[in-house]
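Structural overview
What follows is each chain in one-letter form.
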Amino acid sequence: MKWYYAEGGRQVGPVEESALDELVRQGVVRDDTLVWREGMSAWQRHGAVRGGSGAPAAPPPPPAASAASTGAAAAPSETRYCSECGRPYPASQLTSYGEASVCPQCQPAYIQGLKSGAGARHFGGFWIRLVARVIDWVLIGVVMCVIFVPVVLITGGVGAVSRDLAYGNRATPDSLQAIGVMWILGSICLAIVIPALYEIYFVSQRAATPGKLALGLKIIRADGGPITIGLATGRFFARILTSLIPLEIGYIIAGFDSQKRALHDYICSTRVVYAP
């Protein structure tokens with residue numbers, strides 16, 4: 001008998017029943033893991049279909065004193081995030097499927113995706129991400145022009161050199177120094193500051209840059225949690241570092257990975273998906 005099981009939001013299998021038993025012993029397949037075989041009308045939890053894993057149940061915790069008797073406020077439930085929609089929920093309302101935690105609203109579509117073999121998430125591939133990056137480059141270029149022109153006017157470098165050339169004089173040290181400062185400032189802004197502020201702001205606030213938003217993409221974490229400023233910053237510099245790899249292999253691997261992850265996605269445990 002051949003079985004399929006859900007892991008990390010995707011269908012795995014088929015595996016023989018003996019192999020499935022070994023996965024249970026290894027802890028890969030748990031009682032709450034969805035499984036399916038031919039003849040079943042829908043995916044079901046492993047514990048309901050094949051019985052529990054056989055591990056002894058943990059003893060129940062001692063009854064907690066009520067808030068009224070102790071005079072203390074009850075502790076709030078842990079908040080986690082749905083891997084599909086990204087909304088916060090109490091942990092007790094989410095169902096775990098490997099790395100993914102799914103809310104009741106997203107669960108039917110998620111299970112249907114597992115059953116069809118396509119998975120619930122639709123990952124953004126290499127080419128659409130490239131188009132999104134080109135859109136971002138154009139927007140960053142516009143921002144740079146808006147910032148760069150005032151820098152030129154303030155430094156006066158171009159004007160100083162033009163004046164010297166107009167009078168047939170050689171450029172003076174002052175004018176050369178001015179235009180040197182202009183190009184240094186411009187290069188720093190162009191290479192690091194403006195792209196970093198652009199990407200960190202939009203990724204942490206909107207979960208995507210304008211280029212990705214325009215194409216219906218967003219960046220998510222494996223556990224569905226929000227993209228924090230720290231994670232957005234780390235992802236930006238990870239992308240800069242991996243872009244130094246010869247032949248842009250850090251990006252090219254997205255075309256071959258099952259979840260379309262580039263190298264900086266591996267480093268930061270992020271995914272680029274189509275927004276629901």
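Computed from a predicted model, the values in this text were never measured in an experiment. (Residues numbered from 1 in each chain as written. Predicted model: local features only at pLDDT ≥ 70, side-chain atom pairs only at ≥ 80, totals over all residues. Heavy atoms only, no water.)

**Details of the overall build of the protein chain**
The secondary structure content of the protein chain amounts to eleven helices and ten strands. Every one of the 276 residues in the protein chain was classed for burial, and the buried ones make up 34%. Restricting to contacts in the protein chain with at least 6 residues of sequence separation, those with at least 24 account for 55%. Total accessible area on the protein chain stands at roughly 15,900 Å², and carbon and sulfur atoms take up 64% of it. (Helix = DSSP H or I, 4+ residues; strand = E, 2+ residues; numbered from the N terminus. Buried < 20%, exposed > 50% of the residue type's maximum accessible area, 1.4 Å probe, protein only. Contact = heavy atoms within 4.5 Å. Areas by Shrake-Rupley, 256 points an atom, 1.4 Å probe, with all protein chains shown as cover.)

**As for the environment of L94**
Inspection of the secondary structure assignment puts L94 in the loop between strand 6 (88-90) and strand 7 (95-97). Sequence-distant contacts of L94, that is, excluding residues within four places in its chain, are made with R80, Y81, C82, Y89, S101, V102 and C103.

**Description of the confidence of the model for the protein chain**
Per-residue confidence for the protein chain gives a mean pLDDT of 74; residues scoring 70 or more make up 66%. Within the protein chain, the lowest mean pLDDT, 41, falls on helix 3 (residues 67-70), and the highest, 94, falls on helix 8 (residues 210-214). (pLDDT = per-residue confidence, 0-100.)

**Describing the nonpolar core**
Counting 13 residues, the largest nonpolar core has I200, V203, I219, I227 and A232 as its most contacted members. For this core, the secondary-structure elements that each account for two or more residues are helix 7 (173-206), strand 9 (217-221) and helix 9 (229-242). For this core, the element with the highest residue contribution is helix 9, accounting for four residues. Excluding residues that lie within four positions of it along the chain, A232 makes contacts with I200, V203, S204 and I227. In this structure, Y5, V15, V24 and V35 belong to the second largest nonpolar core, which totals ten residues. (Core = buried A, V, L, I, M, F, W, Y, C linked by side-chain atoms within 4.5 Å.)

**Points about the pattern of salt bridges**
Oppositely charged side chains can pair when the atoms bearing their charge come close. Taken as a whole and judged by the stated rule, the model has six salt bridges. Salt-bridge contacts for E199 lead to R133; the nearest nitrogen and oxygen are separated by 3.4 Å. Of this pair, E199 sits in helix 7 while R133 sits in helix 5 (residues 126-155); the two residues are 66 residues apart in sequence, bridging distant segments of the chain. For the pair E199 and R133, a shared accessibility class is recorded, and that class is buried. (Salt bridge = Lys/Arg side-chain N within 4 Å of Asp/Glu carboxyl O.)

**A word on the side chain of D136**
Relative to the assigned elements, D136 resides in helix 5. Put simply, D136 is tucked away with no salt bridge, and the nearest opposite charge, on R133, sits 4.2 Å away. For D136, the contacting residues outside a window of four places in its chain are Y198, T209, P210 and G211. (Lys, Arg positive; Asp, Glu negative; His and termini not counted.)

**Concerning a nonpolar patch on the surface**
Together, W127, L130, V134, W137, V138, V142, V143, V146 and I147 make up an exposed nonpolar region whose accessible area comes to about 850 Å². Position of W137 among the secondary structure elements: in helix 5. (Patch = residues over 30% accessible without salt bridge, like charges linked within 9 Å, V, L, I, M, F, W, Y side chains within 5 Å.)

**Focus: the packing of aromatic side chains**
Taken as a whole and judged by the stated rule, the model has four aromatic pairs. Look at Y201 and F202: their rings are 5.1 Å apart centre to centre, the planes differ by 80°, and that puts the pair in the edge-to-face class. F202 gets classed as partly exposed once you look at its relative accessible area, which sits at 22%. With a centroid separation of 5.0 Å and an interplanar angle of 80°, the aromatic rings of F236 and F237 are classed as edge-to-face. Using a relative accessible area of 1% as the deciding quantity, one classes F236 as buried. Of the aromatic side chains, those joined through ring pairs into one cluster are Y198, Y201 and F202. (Phe/Tyr/Trp six-rings, centres within 6.5 Å; stacked < 30°, edge-to-face > 60°.)

**Re the side chain of H264**
Positionally, H264 belongs in helix 11 (residues 263-268). For H264, the contacting residues outside a window of four places in its chain are R129, R235, A238, R239, T242, Y251 and T270.

**A short note on helix 1 (residues 17-26)**
Count 3.6 residues to each turn of an α-helix, and residues three or four apart come out pointing the same way. Three or more residues of helix 1 are buried, namely L20, L23 and V24. The buried residues of helix 1 all sit within an arc of 105° when viewed along its axis, so they share a single face. Within helix 1, the exposed residues directed more than 90 degrees away from the buried face are S18, R25 and Q26. (Arc of directions from axis to C-beta.)

**Digging into the environment of G124**
The residue G124 is located in the loop between helix 4 (107-116) and helix 5 in this model. Taking C-alpha positions, G124 is 9.7 Å from L215, a pair spaced 91 residues apart along the chain. Setting aside residues up to four positions removed in sequence, G124 forms contacts with R129, L217, K260, V272, V273 and Y274.

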